[in-house]
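The chain contents come next:
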Amino acid sequence: MAASTAQTGSSAESVRSVPQVVPSSTCLQCDVCCRFPDPDSPLRPYFTAEEIVRAVTEGANPDRFPSPRGCQITLIPDQEGDGFHCPAFDPASARCLIYDRRPFDCQLYPLALMWNEHHDDVVLGWDSKCPFMGEQVPDSIRRYADQAMIRLNDSDLLRTVADHPRLIGRFQPDVVELFRLPALTRAVQTRWGATPVHRLTLEDVQRVTDALDESGLAGGQALAAYSVPSIYLCTTLLGYWWAELRGSLCLFAESPDGWFMPLPPLGGGPIQEAIGAAFDLMRRRNGAGSPVSRIDNISPALAARLEVLGYRLQAGEADYLYRAGDLATLTGDRFKSHRALCNKVERLEQVAAASYALRDRAECRRLFQRWQEQKQAGALDSFGRLLLEDAASTHEIAWAHGSDLGLSGTVVRVEGEIRAYTFGCWLSPATWCVLLEVADRSIPGLAQYLFRETCRAAASHGAEFINTMDGAGLAGLSRSKDSYHPVMRIRQYSLLEDHVS
Ligand code: SF4
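An unreviewed UniProt entry annotates the protein as Phosphatidylglycerol lysyltransferase C-terminal domain-containing protein of Nitrospira japonica.

Take a look at the structure:
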């Protein structure tokens, strides 16, 4: 990837280092590496735990690594333009600021590890997107790959890659397969099993949504989690994987502590067999008896079915469900204070709501940063601060992919400037779900106004109910949600490993 600030190469780790084939002079003129069109690019570099430590020692911001155990780095928005770049990349000089300590993933490029199309073999390929590689004769590419192959058969490196399967990318048609890597395939399958497990990408969201529909979990009183786009918003924080297990599609989330399922097995397969296979897979990842291994967001109806089958469920947080008509009109004494706050905003000059468009992203990002500072200045406990920090990357995904994901966004401008925005989606034809809301806290009543306008728009499109998710374990948020008089709380249940009978 990006050119070095000092072309020594001597401090690169002995076992990991792969000789660089692309001259720095070429890299300096190129605008492909280290820059990405989207915040969730599957190609953003992966750092192992020790590579994170080394990068942080070199000055990288630890907050850019969602998991200290190994993760893809969180990209940052370009100051100029609409894209993103690696935080270790200096756009002014087009150089990597940690070049001598860059991770193996970057050292290997423009070669890449990936699964073949059938996901049964790890292969070494070369990325035809690299302009330098595109110009070279195949012999020079092969010679470079031969050198890399020597490194890739090193037992330490095999172990490292097997420990960090995210180093192996998904099949990409524009990466040319050069060599099969049977020893690496064996190492990975011995460690994690032979069942193909795929990284969830934007393109997979529809597949999971179809399986969710087939499972019959979605409906008027569905949990907010039964919206795959809402799950995908956290993709740069958690990293999701999916696998077909016993006729069901099983979705897994990779947290810093281990793997869990954010949804029950989906589709039409026999549920007991799928649950058994899913816990087997989580045991491989987390070890036996891990408290992290669990299935979350089991609906009350499915929980009742599972209890009949002998499973014991643990009750968790509950979503807030409201009547859309109540929130669209805010009539009666019980909504008096909310109404008064909305009226305050209506008295301001030039207040207008409009649909979010991608061109609003930079302005929304500025507002988000201001809102984040306002929240941090208030009374937030440590958990609240953590959630607030994580929110930045979920909002980036909504701004970038809202329409691809089927989310609908609304911005509120006050005197021409965006001072509030929201994103949501339909859980069913009768239920609108509010996923994200940001309102400038220096304008009293703006949050209430934004919420009422959202509910009005949803009601005018046929919504009978509004789901605002759960209280996220935050007392203040729960108080605010309670104040709107929910018509129902929809409890979610979890199935833990030691509760599988
Ligand atoms: S670590 Fe360096 S080489 Fe790798 S993507 Fe970031 S800037 Fe580029």
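J.: Before we move on, could you go through the sheet that holds strand E10 (residues 175–180) and cite the residues and values that matter?
T.: Taken in spatial order, the three strands make up an open sheet running E8-E9-E10, and their pairing is antiparallel. Here the strands that pair on one side only, and so sit at the sheet edges, are strand E8 (111–115) and E10. Taken over all neighbouring pairs, the strand axes of this sheet differ in orientation by 40° on average, direction set aside. When E8 meets strand E9 (residues 122–127), the two strands line up antiparallel, connected through five bridges. Within E9, the residue paired with Ala112 across the bridge is Gly125. Packing against the sheet, helix H7 (residues 182–192) makes contact with E8, E9 and E10, and its axis sits at approximately 50° to E8.

J.: Summarise the nonpolar core; cite the residues concerned and give the values.
T.: Generally speaking, nonpolar side chains in soluble globular proteins are found buried as a group. In terms of nonpolar packing, the biggest core is built from 73 residues, with Phe252 and Tyr421 touching the most fellow members. Here this core takes seven residues from helix H11 (residues 271–286), the largest share from any one element. Composition of this core by domain shows at least three residues from each of domain 2 (203–316 + 493–499) and domain 3 (319–491). Non-local contacts of Tyr421, meaning those with residues more than four positions away in its chain, are made with Cys364, Leu367, Phe368, His395, Trp399, Thr410, Val411, Leu436, Glu437, Val438 and Leu450. Among the nonpolar cores identified, the runner-up in size contains 26 residues, and Tyr46, Leu124, Trp126 and Ile168 belong to it.

J.: Could you give me a rundown of the sheet that holds strand E19 (residues 417–428), with the residues and numbers involved?
T.: Taken in spatial order, the eight strands of this open sheet run E15-E22-E16-E21-E20-E19-E18-E17, and their pairing is mixed. Edge strands, defined here as strands with exactly one partner in the open sheet, are strand E15 (294–298) and strand E17 (351–355). When strand polarity is set aside, the average angle formed by the axes of neighbouring strands in this sheet is 30°. By the bridge criterion, eight bridges tie E19 to strand E20 (residues 431–439) in an arrangement that is antiparallel. By the bridge assignment, Cys425 is partnered in E20 with Cys433.

J.: Which residues make up the packing of helix H15 (residues 361–377) against helix H16 (residues 382–401), and what are the values?
T.: Here H15 crosses H16 at 170°, and the two axes come no closer than 11 Å. Considering the angle they form, H15 stands roughly antiparallel to H16. The segment H15 lies against H16, with Arg361, Cys364, Arg365, Phe368, Trp371, Gln372, Lys375 and Gln376 engaging Arg385, Leu388, Glu389, Ala391, Ala392, His395, Glu396, Trp399 and Ala400. For the contact of H15 with H16, the per-class residue count stands at eight nonpolar, three polar and six charged.

J.: Break down empty space enclosed by the protein for me, with residues and values.
T.: Applying the stated rule across the entire model yields two cavities of 30 Å³ or more. Taken as a whole, the largest cavity encloses approximately 160 Å³ of empty space. Lining the largest cavity are 14 residues, with Trp115, His119, Val188, Thr195 and Val197 positioned closest to its centre. Each residue belonging to the lining of the largest cavity can be placed in one class, and the counts come to nine nonpolar, four polar and one charged.

J.: Account for helix H6 (residues 155–163), naming residues and giving values.
T.: Every buried residue of H6 is listed here: Leu157, Leu158, Thr160, Val161 and Ala162. Sitting at the amino-terminal end of H6 is Asp154, which places a side-chain oxygen 2.8 Å from the backbone nitrogen of Asp156.

J.: Could you give me a rundown of a nonpolar patch on the surface, with the residues and numbers involved?
T.: Where nonpolar side chains cluster on the molecular surface, the patch consists of Phe383, Leu386 and Leu387 and spans about 250 Å² of accessible area. Considering the arrangement of structural elements, one finds Leu387 in helix H16.

J.: Could you give an account of the packing of aromatic side chains, naming the residues involved and the relevant values?
T.: In this structure the tally under the stated criterion is 12 aromatic pairs. Taking the centre distance of 5.6 Å and the plane angle of 45° together, the rings of Phe368 and Trp371 count as tilted. In this pair, Phe368 and Trp371 both sit in helix H15, three residues apart, roughly one turn of the helix. In this structure an aromatic cluster arises from ring pairing among Tyr356, Phe368, Trp371, Trp399, Tyr421 and Phe423. One residue, Arg489, lies across the ring of Tyr320, its end atom 3.7 Å from the ring centre.

J.: Tell me what's going on with the layout of surface pockets, and back it up with residues and numbers.
T.: Computed from the structure, the second largest pocket encloses a volume of approximately 1,100 Å³. Ser41, Pro42, Leu43, Arg44 and Gln172 are, among the 48 residues lining the second largest pocket, the residues nearest its centre. Broken down by secondary-structure element, the contributors of at least two residues to the lining of the second largest pocket are strand E1 (35–36), helix H3 (104–108), E8 and strand E11 (198–199). The element contributing the most residues to the lining of the second largest pocket is E8, with four residues. Considered class by class, the residues forming the lining of the second largest pocket number 27 nonpolar, nine polar and 12 charged.

J.: Pulling in residues and values, what's your account of the environment of Gly193?
T.: Tracing the backbone shows Gly193 in the loop between H7 and E11. Its relative accessible area of 15% is what places Gly193 among the buried residues. Between the alpha carbons of Gly193 and Gly239 there is a distance of 19 Å; along the sequence they are 46 residues apart.

J.: Would you mind going over the packing of H6 against H7 in detail, with residue names and values included?
T.: Close contact between H6 and H7 brings their axes to 9 Å; oriented N to C, the two are set at 45°. Viewed along their axes, H6 and H7 adopt a mutual orientation that is oblique. Of the two elements, H6 crosses H7, and the hand of that crossing is right-handed. Along the contact surface, H6 presents Leu158, Val161, Ala162 and Asp163, while H7 presents Ala183, Leu184, Ala187, Val188, Arg191 and Trp192. Split into classes, the residues belonging to the contact of H6 with H7 amount to eight nonpolar, no polar and two charged.

Thresholds, definitions, all that
- Residues numbered from 1 in each chain as written.
- Predicted model: local features only at pLDDT ≥ 70, side-chain atom pairs only at ≥ 80, totals over all residues.
- Heavy atoms only, no water.
- Pairing = 2+ DSSP bridges.
- Helix = DSSP H or I, 4+ residues; strand = E, 2+ residues; numbered from the N terminus.
- Axes fitted to C-alpha atoms, helices over the stretch in contact; angles between N-to-C directions.
- Contact = heavy atoms within 4.5 Å.
- Core = buried A, V, L, I, M, F, W, Y, C linked by side-chain atoms within 4.5 Å.
- Buried < 20%, exposed > 50% of the residue type's maximum accessible area, 1.4 Å probe, protein only.
- Domains from an automatic or database assignment.
- Parallel < 35°, antiparallel > 145°, perpendicular 65-115°, else oblique.
- Nonpolar A, V, L, I, M, F, W, Y, C, P; charged D, E, K, R; others polar.
- 1 Å grid on protein atoms, 1.4 Å probe; cavity = no way out; pocket = protein on both sides within 12 Å on 5 of 7 lines; lining within 4 Å.
- Points joined across faces, edges and corners; volume = space filled by probe spheres on them.
- Polar contact = N/O pair within 3.5 Å; in protein donor to acceptor, adjacent residues only side chain to side chain.
- Patch = residues over 30% accessible without salt bridge, like charges linked within 9 Å, V, L, I, M, F, W, Y side chains within 5 Å.
- Areas by Shrake-Rupley, 256 points an atom, 1.4 Å probe, with all protein chains shown as cover.
- Salt bridge = Lys/Arg side-chain N within 4 Å of Asp/Glu carboxyl O.
- Phe/Tyr/Trp six-rings, centres within 6.5 Å; stacked < 30°, edge-to-face > 60°.
- Lys NZ or Arg CZ within 6 Å of the ring centre and 35° of its normal.
- Left-handed = near helix turned anticlockwise from the far one by under 90°.

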